[in-house]
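Reading the structure
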Amino acid sequence: DVKVTQSSRYLVKRTGEKVFLECVQDMDHENMFWYRQDPGLGLRLIYFSYDVKMKEKGDIPEGYSVSREKKERFSLILESASTNQTSMYLCASSRGPEAFFGQGTRLTVV
Amino acid sequence: AQSVTQLDSHVSVSEGTPVLLRCNYSSSYSPSLFWYVQHPNKGLQLLLKYTSAATLVKGINGFEAEFKKSETSFHLTKPSAHMSDAAEYFCVVSPRAYNTDKLIFGTGTRLQVFP
């Protein structure tokens with residue numbers, strides 16, 4: 001089975017902190033994605049990567065950056081966390097027309 | 001541009017009655033379309049997918065969906081709801097048939113099933 005693992009299920013951070021969310025997949029997929037999920041808004045794409053060191057902005061990249069140094073790992077970085085970044089963050093990977101999702105990280109910024 | 005509209009934010013049904021979750025899409029390309037389900041405190045799971053083959057697609061747990069190009073719809077149905085179907089359902093469009101590129105999610109439909 002494809003496995004996408006996010007390093008934390010729950011995180012609490014302070015405003016202004018630099019936050020790293022880590023995601024690892026074990027199926028050698030080229031594509032990896034970061035979404036945030038908010039009630040009533042569905043999932044919105046923050047960034048995606050289609051190869052090592054390659055990245056593209058999604059629909060809401062402001063306040064975020066990403067890093068993909070190895071094929072299996074895709075990191076989401078909040079440069080200076082703010083309260084409006086409190087959300088559920090979902091990582092996904094894919095090769096074909098089906099994406100596989102991690103369990104999510106619920107981030108609270110206080 | 002690609003977009004997805006889920007027409008109902010909440011749907012409530014009684015156990016044993018049919019389920020209909022509605023989805024309309026907009027796509028400049030021949031789209032791939034998906035339905036995902038998310039149970040409470042669980043990750044997203046693929047229910048079914050359409051990738052330009054048969055227009056009636058069967059998925060897991062008795063769900064199916066029909067791609068209707070003329071109506072730009074991809075509604076999800078199930079003949080008989082079960083309590084375990086209570087979850088949030090997302091309709092998703094991807095603009096390219098053979099690669100996943102920027103999956104675009106609808107805002108979700110929360111399905112409640114009453115005994």
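In this report, the structure presented in the accompanying data block is examined.

**Some points on the overall build of chain B**
The number of helices and strands found in chain B is zero helices and 12 strands. Along chain B, helices and strands appear, N-terminal first, in the series β-β-β-β-β-β-β-β-β-β-β-β. Its C-alpha atoms give chain B a radius of gyration of 13 Å, within 12% of the compact-globule value 13 Å for 115 residues. Relative to its 115 residues, chain B shows a buried fraction of 44%. Within chain B, counting contacts between residues at least 6 apart in sequence, those at least 24 apart form 57% of the total. Roughly 5,500 Å² of accessible area belongs to chain B as shown, and the carbon and sulfur atoms make up 51% of that amount.

**Quick notes on the interface of chain B and chain A**
Counting residues at the interface gives 22 residues for chain B and 22 residues for chain A. Across the interface of chain B and chain A, roughly 1,700 Å² is buried in total on both sides, 53% from carbon and sulfur atoms. Connecting chain B to chain A are four residue pairs in polar contact (both at pLDDT 80 or more). Top element by residues in the side of chain B that touches chain A is strand β5 (residues 32-38) of chain B. It accounts for four residues. Here the residues of the side of chain B that touches chain A sort into nine nonpolar, nine polar and four charged.

Cut-off values and rules
- Residues numbered from 1 in each chain as written.
- Chains lettered and ligands numbered in written order.
- Predicted model: local features only at pLDDT ≥ 70, side-chain atom pairs only at ≥ 80, totals over all residues.
- Heavy atoms only, no water.
- Helix = DSSP H or I, 4+ residues; strand = E, 2+ residues; numbered from the N terminus.
- Rg over C-alpha atoms; globule rule 2.2 N^0.38 Å.
- Buried < 20%, exposed > 50% of the residue type's maximum accessible area, 1.4 Å probe, protein only.
- Contact = heavy atoms within 4.5 Å.
- Areas by Shrake-Rupley, 256 points an atom, 1.4 Å probe, with all protein chains shown as cover.
- Buried area = accessible area lost by both parts, 1.4 Å probe.
- Polar contact = N/O pair within 3.5 Å; in protein donor to acceptor, adjacent residues only side chain to side chain.
- Nonpolar A, V, L, I, M, F, W, Y, C, P; charged D, E, K, R; others polar.

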